[in-house]
Structures are given as structure tokens and as C-alpha cells.
Amino acid sequence: MSGIEINSVLIENRLFKPSAEFTARARIKPDDLAALHKRAEEDYEGFWADLARELIDWQKPFTQTLDESNAPHFKWFSDGEMNVSYNCIDRHLAKHADKTAIIFEGEGGDVRKLTYQQLHDEVCEFANALKAHGIREGDRVVIYMPMVPEAVIAMQACARIGAVQSVVFGGFSAESLRDRIEDAQAVMLITADGGTRGGKIVPLKEAADKALSSGCDCIKNVIVLKRTGHDIAMQEGRDIWWSDAIAGQSNECEPVWVNAEHPLFLLYTSGSTGKPKGIQHASAGYLLNAITTNLWVFDLRDEDIFWCTADVGWITGHTYVAYGPLAAASTIVMYEGAPVIPDGGRFWKMVEEHKVTIFYTAPTAIRALMRLGDDFPNSYDLSSLRLLGTVGEPINPEAWMWYHTVIGKENCPIVDTWWQTETGAHVISPVPGVTATKPGSCTLPLPGMMADVVNEEGESITEANTGGYLVIKKPWPSMLRTVWGDDQRYADTYYPKFGGKYYLAGDSARRDENGYFWIMGRIDDVLNVSGHRLGTMEVESALVAHDAVVEAAVVGRPHEVKGEAIVAFVICKGERPTGEAAEKMAKELRDWVGEQIGPIAKPDDIRFAEGLPKTRSGKIMRRLLRTIAAGEEITSDTSTLENEAVIAQLQGKA
Ligand code: WT7
């Protein structure tokens, strides 16, 4: 074993214990955590029922906790009634009306703060505007917005009147937006003239117009926030400016009390096959875990300033921006823009200016900022920080150590949180005042989250460091309820094995000698690019939708900053493009995929060949393609290939 390998093994086993000072102030101390785990083990339903009564304000209390009669479609607290927006805003007003709820900063440096009272008033005005345009309980409303307070206001307004929101990330293309609107059969679209990123305008309204011009007959109205002020087209009778929509609306709007199981939102996410899945979350169960995890994992308290850098277009921006921290009466920071404008110190400057105490971001961002050097973070006062978090993909020990030393000054616990769009909230994570952390491990399941690693038979793997399927053995309150409009796909995707008893996360994992979980990767053909899931199938379908393309295969390759880079192997009609023609075609295809799905899906590398390596039965040999994409030596037998010459072409050697 070389010195480096020994070293990395040592680093992996290094334990970082929370400081006595952190533990002394923490909401959850070692005894509390042990008690929570014990209670969840002994009386699972009672455990969640107590928390639900303690942490949620109910209009009508529930009497039934978990309903398993229609498994794997589970219900929680299903005879109770409540409202998410009421729980995020109204119930805090008596004590916290003047407390800052949102600190917003735009890329250009404009800052806007909203108190809980102001947030209440704006949410009510907008909710009344939605009602005035015919939106009723259960109607789907798509939100396609930049990262501005109005995005949160729109989400909260929908919740207030029982409308089902679906946020589509502003970086998605017109085509992606159209597919989601149609799948959700949304009646209203809320957007902005545009957003700002990297000094450029993101033309949201233009993309929205394009989406609506090629389908989306279900949409009756479009509400448009003026943000950039650039020229856009407004369609008479369909499009309304946000400011006109709220003009004259009352700043009081009685919440619609909905059933605990009422759908709160749909969020589309990639699968290995077919179109994106509309992950449907329910109201009370989702909110409960949004609150418990903000309290347990982020140790959220009254004086905290919490900055989660995720866009509201992702689940992280739902649970740790728009709903969870507000339900816990905290103060959130929102930033619309790129992390490197005007330079790589932007995030750290904002931490100093807004006195951020809890900072939560993705490993891909940490790596990108780490590469810019220590001078940026070292020029700002980061002493307000007391807790750091990461999410989206495994964090490599090097980036972890940088985060720990340069950002946290060895003084902030790091919570590496494993969860998914489908789980709604953290599942496996350190509890910062208790759990000793190891760089790269998400450590241990939270109380009430029955995560395990099992073999093909569904048996728990007890041997240390042996990989298996990551499963969750009992339903939990914030789990997805179904795939919108496709109950069968829900069951097939999440309960396909082990007699339908366990939720299958789709990740492989191992546990070390301390029982700590280490995520090893996805078990299906899903890429993790910059912490976001992309189905290889989706990128392949986009490629073959191009006139020049006959066949395409897409795989991931490890990438220093993004986690995974996308490599596409493409077969064109007619002659195989080479030289300049290949470069031109590659650029065209990259732009094409950007248009079809969005910039994050653009392949980093496109290679043209005369054929793809296939097994005798005609299956594309993906493992071989992954080896080629990684630039590794091929050790498997390729003699069965019909056309061995394509290997050199795929390697870019011919
Ligand atoms: C997938 C879920 C949950 C919000 C962000 C992504 C990977 C997520 C971690 C982590 C290792 C992680 C998994 C998971 N993942 N967090 N801390 N360590 N891997 O949400 O798009 O639903 O993706 O992201 O593979 O299944 P998502």
C-alpha cells in the first residue's frame, strides 16, 4: 500500500467530535437523541404522533397516525386538518410579527428584508389574487421563477388556499417546462419577465411563451412578476402583471383548512426511464419532517440566520428555504445570482454582511469555491458561522477538510445530510451536538428513520464495509405519496423488491465498523451532475430527437467539480463526422440538449462512432462505455463485439 492510500484511510477514520461548547447549547444532547431513538423503536406511531401534536398547529386534531391499509400508499394523520401556510407564518405573528423572515440579496447587490408580518400580508394579497383568478383547492399551479422572495410568496400563497404548486427550476428549458405543465395539468403559471445570473438575463417569460405556444392548453392565466424590466410580450386576456393581480387585494386571507393528506406540491425528478416523475408530497407529514429536521439537524433556534443556497426549484429549496425554516420561525437568506459575481468571495461576503449562522450548500459548490483559493474566504469575517451542512452527493474528504478548516475555522460541526426529493427531508445525518463526524460519511439515520443496508434477499448486511441496497424499512411522515397520475410507477420504482416491504432509495451504500453509512452511488442509470439527478435516458432521448442522430448512449464520468460529467456516444445518419465537422456537430448537439432539457444536461464530451458496443442480445454495454468515458484501460473481453473498430472511435483514438 502506498503512503497516500494509508493516509486516506486514516483521514476516513478520523472522528470529529462536536465541541463541548456546541453540545452544551445544542437543542439535542446525547441523552435526548438516545431517548428519541428509544421512543421510535418502542412505539413508532406514538413517537410521530407526539411530534405532530407538539410541532404542528391543527385546526382539527387527528386521531389516526399511520394508515397502512393501502400499502405502499401510506397515509399519515389522515383525519386531521391543518394549513401549511398558517403553520409557516400566522402562528408566529403573536410573538414574531416584526422578526425578519426573509433577507433577500440580488446579484446586483439589492437587499430586501421582509418581516413575518410583511410576509403574511404579501402572501395573503397574492393568495387573494389567485382566488380572484379562479384558483381553488386542488388546482395545480406551476411556478417558474427566479430566486426572489416572490417565489416563496407564491409557494406559500398556494398552500394557503390549498392549491397544489409545482416549482419548475428556472434553469430548465421551455420544453421541460411544457412537459411538466402538461403532466400536472396546471391551470395557472406564475413566472417573471426574467431572472439574473452571471450578469445575464435569464429570459423566463420568453421560455414560458415558447412552452405555452406548443401545447399547455390547460393553462388559463400567466402571472408575471416584473424583475429585470426588459421588454417582453404580454398576451392579452392570458397574461397579468403580478402588481396588477394584487392591486386592491386584501392583506387578510383566511387559510383553507385542508386534510393532512392534501397534496402540498409536485416536484419533478429524473428516473432511469421515461419522462420525469411528478413526486407528490402531502401537507402535514411533509411539514412535520421539515420541522423536525430543521430543529434536530440544523439545531435551528430563534436567533439563527439560516442560509441554504439551494434554488426553490429543488427539494432542498422547499424543505430548507420555503417551508421548514419558516415553520420554525427562523430567518432565511435568499440569493439570486451566481456564487462568483463579482468574484469568488460573494458567498463569504454575504455571510459576513448578513451574519449568517448556519450555511448549507452542495459539495459541487464547495469544490468550485475551494479551487478559487483561500484568499476569498480569508478576506471576510466568517465568525458568525456555527454550523455547516452539505447535500446532494457524497463529499470528498479534501473538500470536507477545506469546508471544516477554511470556512468553519475548525469550530463548526458539518452535517452531511443524505436524503432525496422523495424522502422530503433528511433521513441519514449527523445530529450536530451529538454525532462525531467522518469526512465523506452521512453517519447515522435520524430518529424514526429506519434506514438500512440490505442484500438481494432484503436481509440486513451486518458485515462492515459490504455494499448493498439502501432501504427504509418503515414509512415515514414526509415520504412521497405517489408519482403524480401514475400509482403503478410509484409502486414499481420504490417498492419493487423485498416483497414490497421496504422503500428502495435507488442508492447503494455500505456501513463501516461504527455502523456509519457511506453512500456509494446510484444503482440505476441516473447521473449526479452538480448534485442534481439526471436520467441518462432523458439525455439520450433528447439526442436522438435531433434530426442528425440515429442512436446515442450517455454515461457519467467522475468530474472534479461537478461530481459527474456527462459523456455522450453518438451515431449519426450517414457518414461519421470527424475533425471540424465533428466539432461543429458536437456544439450543435450540446446546444440542442440545452434547449430540450436545460443547460445542466449539456454533455461535457460527445464522441462520434459508427456503432455502439452491444452484447449479443443487443444491449448497450454501459459498463464498457463507462470505462471508456473514464479513460480507463479496458480489461473486459470485447471480442464478442460485432465491430471492434468502434472501440478506438469511442475512445477518441480513431
Ligand atoms: C440523490 C437524491 C436531497 C436534495 C438534493 C438532491 C444523492 C443526496 C447525498 C449525500 C451522498 C447524496 C443520492 C440521492 N445524495 N444527498 N449527503 N451523500 N449522496 O436530491 O435530486 O432527489 O437526489 O442525491 O444519490 O439518492 P435528488
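Every chain is numbered on its own, with residues counted from 1 as its sequence reads. Totals for whole chains, interfaces and linings use all residues, but because this is a predicted model, local features are given only for residues with pLDDT of at least 70 and pairs of side-chain atoms are given and counted only at 80 or more. The side-chain quantities take in all heavy atoms of the structure and omit both hydrogens and water.

Draft legend 1. Structural detail: the site of the ligand. Here a residue is considered near a molecule or strand provided that any single heavy atom belonging to it is located within 4 Å of it. What surrounds the ligand is a group of 18 residues, the closest being D416, T417, T421, R522 and R533. Whenever a nitrogen or oxygen atom comes within 3.5 Å of another N or O atom, the pair is scored as a polar contact, on the condition that within protein one atom can donate a hydrogen and the other can accept it, and that pairs from neighbouring residues in sequence are kept only if both atoms are in side chains. T417 is positioned such that a nitrogen or oxygen atom in its backbone is 2.8 Å from a nitrogen atom of the ligand. At 2.9 Å, a side-chain N or O of D507 approaches an oxygen atom of the ligand. Protein chains bury 95% of the 560 Å² of accessible surface belonging to the ligand in isolation. Secondary structure elements follow DSSP: runs of H or I of four or more residues count as helices, runs of E of two or more count as strands, with numbering from the N terminus. Looking at the shell around the ligand, the elements that each hand over two or more residues are α13 (315-322), β20 (414-417) and β25 (517-522). Only Asp, Glu, Lys and Arg are considered charged, only Ala, Val, Leu, Ile, Met, Phe, Trp, Tyr, Cys and Pro nonpolar, and every remaining residue, Gly among them, polar. For the shell around the ligand, the per-class residue count stands at 6 nonpolar, 7 polar and 5 charged. For every accessible area listed, the method is Shrake-Rupley and the probe measures 1.4 Å; residues are considered covered only by the protein chains on display.

Draft legend 2. Local environment of the pattern of salt bridges. We count a salt bridge whenever a side-chain nitrogen from Lys or Arg sits within 4 Å of a carboxyl oxygen from Asp or Glu. Going through the model one piece at a time under the given rule, you end up with 41 salt bridges. One salt bridge in this structure joins R39 and D43, with 3.2 Å as the shortest N-O distance. Exposure categories follow from relative accessible area, calculated using a 1.4 Å probe and restricted to protein chains: below 20% of the type maximum is buried, above 50% is exposed, and the middle band is partly exposed. By relative accessible area, D43 is classed as partly exposed at 33%. Taking the shortest distance from any N to any O, the salt bridge between D183 and K275 comes out at 2.9 Å. Here K275 lies in the loop between β14 (263-269) and β15 (277-282) and D183 lies in helix α9 (residues 174-184), a separation of 92 residues in the sequence. D183 sits in the partly exposed class, given a relative accessible area of 22%. A residue is classified by how much of its surface remains accessible, and K275, at 51% relative accessible area, is exposed. Connected via shared salt-bridge partners are K205, D209, R238 and D239.

Draft legend 3. Main features of the sheet that holds strand β21 (residues 451-454). Two strands make a pair as long as DSSP finds a minimum of two bridges between them. Strand order in the open sheet formed by 4 strands is β21-β22-β24-β25, with antiparallel pairing between adjacent strands. With partners counted over all chains shown, the strands left at the sheet margins are β21 and β25, one partner each. Mean inter-strand twist for the sheet, computed between neighbouring axes without regard to direction, equals 45°. Examined bridge by bridge, strand β24 (residues 503-511) and β25 share 5 bridges and lie antiparallel to one another. Within β25, the residue paired with R510 across the bridge is W518. Note on definitions: angles span 0 to 180 degrees between N-to-C directions of axes, and those axes are lines fitted to C-alpha atoms, for helices only across the stretch in contact.

Draft legend 4. Looking closely at the sheet that holds strand β18 (residues 358-361). Taken in spatial order, the 7 strands make up an open sheet running β5-β4-β17-β16-β18-β19-β20, and their pairing is mixed. Across the chains shown, the open sheet's two edge strands, defined by having one partner strand only, are β5 (111-115) and β20. On average, each strand axis in the sheet is inclined to that of its neighbour by 20°, with strand direction left out of account. Relative to strand β17 (residues 331-336), strand β16 (residues 305-308) runs parallel, the two sharing 2 bridges. From the neighbouring strand, F306 faces β17, where its bridge partner is I332. Here, residues are in contact when the closest pair of their heavy atoms is within 4.5 Å. In the packing of helix α7 (residues 116-132) onto the sheet, the strands contacted are β4 (100-106) and β5, and the crossing angle to β5 comes to about 90°. Strands β18, β19 (387-391) and β20 of the sheet are contacted by helix α18 (residues 397-407), whose axis makes an angle of about 160° with β19.

Draft legend 5. Main features of unusual backbone geometry. Note the cis peptide between A71 and P72, where omega equals 5°. Relative to the assigned elements, P72 resides in the loop between β1 (66-67) and β2 (75-76). Backbone torsion omega between I341 and P342 reads 0°, so that peptide bond is classified as cis. For P342, the location among the structural elements is in the loop between β17 and α15 (346-354). Backbone geometry at Q185 places phi at a positive 50°, although glycine is not the residue there. In this fold, Q185 is placed in the loop between α9 and β8 (188-192). When its relative accessible area of 43% is taken as the criterion, Q185 is described as partly exposed. Positive phi values are uncommon outside glycine, yet D299 reaches one of about 50°.

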